[in-house]
Amino acid sequence: MQISQDSVVSINYTLTDDDGQVIDSSTLAGAPLVYLHGAQNIIPGLENALTGKQVGDKLTVNVAAADGYGEYNPEAVQVVPKHLFGGVETIEAGMQFHAQTDYGMQVVTVTAVEGDEVTVDGNHPLAGQNLNFDVEVMNVRAASKEELEHGHVHGEGGHHH
Ligand code: ZN
């Protein structure tokens, strides 16, 4: 069965940056990634490359930053006063918060704290990076009616609700 619109696809993958450093992999996650093809569950560059592939196929997919998590936007970095984090005892670099920004609701990452000034970065951690995927297709099946209605996979590797 070839991967097409509404296939439920399981893949093993390794994601590396341009220096060959492993950013993420299904081995780290402990199980294959399972997603609904054509529902924008995964980044478009990877999804498009998988169309027409089948179980056992191996492929390398290079996704430019713009087609992955976007170019790095320096304007998404802001310095805000600490009191905006009211209720949070200790603010440290690396912490992530949901915040209302000029670009809507986003996850922001604290990158620095100096006195009362907190620097937050609204870019996705992988923004500005080219993404290199080594992928093996492990399983392909048709989605159930319920999965199509929900726009995501149920059961193993998917949603349980
Ligand atoms: Zn569901």
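Located above this text is the structure these notes cover.
Here the structure is a predicted model, which is why all the values come from computation and not from measurement.

Colleague: With reference to specific residues and values, describe the overall build of the chain.
Modeller: The secondary structure content of the chain amounts to three helices and nine strands. When the helices and strands of the chain are listed from N to C terminus, the series reads β-β-α-β-α-β-β-β-β-β-β-α. Reported as C-alpha extents along the three principal axes, the dimensions of the chain are approximately 60 × 40 × 30 Å. Looking at the 161 residues of the chain, the share that counts as buried comes to 35%. Put simply, of all contacts in the chain between residues at least 6 apart along the chain, 62% involve residues at least 24 apart. Entry remark: accessible area of the chain is about 9500 Å², with carbon and sulfur atoms responsible for 48%. Taken together, the 5 basic and 23 acidic charged side chains of the chain have centroids lying 12 Å from each other.

Colleague: Provide a residue-level description of the nonpolar core, including the pertinent values.
Modeller: Counting residues in hydrophobic clusters, the biggest one holds 19 residues, and the most contacted among them are L46, L50, F133 and V135. At the level of elements, β1 (7-16), α2 (44-50), β4 (58-63) and β9 (131-142) are the ones that each hand at least two residues to this core. Considering every element that reaches this core, the biggest residue donor is β9, with five residues. Not counting chain neighbours up to four residues away, the residues in contact with V135 comprise I11, N12, Y13, L46, L50, D57, K58 and L59. The next biggest cluster of nonpolar side chains, apart from the first, holds nine residues, and it includes V80, F85, A99 and V118.

Rules used throughout
Residues numbered from 1 in each chain as written. Predicted model: local features only at pLDDT ≥ 70, side-chain atom pairs only at ≥ 80, totals over all residues. Heavy atoms only, no water. Helix = DSSP H or I, 4+ residues; strand = E, 2+ residues; numbered from the N terminus. Buried < 20%, exposed > 50% of the residue type's maximum accessible area, 1.4 Å probe, protein only. Contact = heavy atoms within 4.5 Å. Areas by Shrake-Rupley, 256 points an atom, 1.4 Å probe, with all protein chains shown as cover. Lys, Arg positive; Asp, Glu negative; His and termini not counted. Charge placed at Lys NZ, Arg CZ, Asp CG, Glu CD. Core = buried A, V, L, I, M, F, W, Y, C linked by side-chain atoms within 4.5 Å.

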